[in-house]
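Structural characterization, general
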Amino acid sequence: EHATTVTGEMMISISSYLIITAVYNVVDVTLSLAVWSAASVGTPIEPRGRDVALRSLFFVKIVLMNLLLCCILASGLFFVAVGRSHNYGCENEDEESAVSKFEQTPWYAMFTVVMITYAFELLLWPCLSMNQLGRAVTSLHARYDPFNSEDGRHR
């Protein structure tokens, strides 16, 4: 019965990771095609409503895709935690050999690279937001700085 529980947890963890990753990829390609299609409407002088469509598509892409990335990272970490705690389903071998054998395979290396790439992609938005916030604070401070005159010299 314990082996059935371990196998079930392993299947749930890897299945949830694969399903969420597949949904993420399909939604990402669909949103990219929609952005491309909406960007081709109108001309630079007459946008014909292009800006409204692009804003909503970018909002969906930012919010939905970041939520999916969080789910992907959580399910990937869950997969690794369950795998390590149950020796990746190998009941007869000692723990270190089964874990090290599985984690030295090319598939696990690819999984790790993809997880790191998703984590960097998720961290991109806070970095961009902090950059914009820093620029706004800097420009606001420069505008109302009582120690600088118009020509840039101190008073």
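Just so we're clear, the structure is a prediction, and the values are computed from it rather than from any experiment.

**Describing a nonpolar patch on the surface**
A cluster of nonpolar residues, Phe58, Phe59, Val60, Ile62, Val63, Leu64, Leu67, Leu124, Trp125 and Leu128, forms a patch on the protein surface that exposes about 850 Å² of accessible area. Of all the secondary-structure elements, those providing two or more residues to the nonpolar patch are helix H2 (50-85) and helix H4 (106-143). The greatest single-element share of the nonpolar patch, amounting to seven residues, is contributed by H2. Considering the arrangement of structural elements, one finds Leu67 in helix H2. Residue Leu67 is classed as exposed on the basis of its relative accessible area, which comes to 53%.

**Quick look at the packing of H2 against H4**
Packed helix pairs are characterised by how far apart their axes lie and by the angle those axes make with each other. One way to put it is that H2 packs onto H4 with a least axis distance of 10 Å and a crossing angle of 145°. The way H2 lies across H4 gives a crossing that is left-handed. Across from Ile62, Asn66, Leu69, Cys70, Ile72, Leu73, Gly76, Leu77, Phe79, Val80 and Arg84 in H2, the residues of H4 making contact are Tyr108, Phe111, Met115, Tyr118, Ala119, Glu121, Leu122 and Trp125. The residue makeup of the contact of H2 with H4, split by class, is 15 nonpolar, two polar and two charged.

**Side note on the confidence of the model for the protein chain**
Interpretation of the predicted coordinates at a detailed level should be avoided for regions scoring low in pLDDT. In the predicted model, the protein chain carries a mean pLDDT of 79, and the fraction of residues at 70 or more is 78%. Mean pLDDT per element in the protein chain: helix H3 (residues 95-103) is the minimum at 66, and H2 is the maximum at 86.

**A look at the environment of Ala81**
Following the sequence through the fold, Ala81 ends up in helix H2. C-alpha of Ala81 to C-alpha of Met10: the two residues are 71 residues apart in sequence and 9.8 Å apart in space.

**Description of the pattern of salt bridges**
When the charged atoms of two side chains with opposite charge come close together, those side chains can pair. A complete count under the given rule lists one salt bridge for this structure. With a shortest N-O distance of 2.7 Å, Asp28 and Lys61 are connected by a salt bridge. Taken together, the residues Asp28 in helix H1 (residues 2-39) and Lys61 in helix H2 connect sequence positions 33 residues apart. By relative accessible area, which is 22% here, Asp28 ends up partly exposed.

What counts, and where the lines are drawn
- Residues numbered from 1 in each chain as written.
- Predicted model: local features only at pLDDT ≥ 70, side-chain atom pairs only at ≥ 80, totals over all residues.
- Heavy atoms only, no water.
- Patch = residues over 30% accessible without salt bridge, like charges linked within 9 Å, V, L, I, M, F, W, Y side chains within 5 Å.
- Areas by Shrake-Rupley, 256 points an atom, 1.4 Å probe, with all protein chains shown as cover.
- Salt bridge = Lys/Arg side-chain N within 4 Å of Asp/Glu carboxyl O.
- Helix = DSSP H or I, 4+ residues; strand = E, 2+ residues; numbered from the N terminus.
- Buried < 20%, exposed > 50% of the residue type's maximum accessible area, 1.4 Å probe, protein only.
- Axes fitted to C-alpha atoms, helices over the stretch in contact; angles between N-to-C directions.
- Left-handed = near helix turned anticlockwise from the far one by under 90°.
- Contact = heavy atoms within 4.5 Å.
- Nonpolar A, V, L, I, M, F, W, Y, C, P; charged D, E, K, R; others polar.
- pLDDT = per-residue confidence, 0-100.

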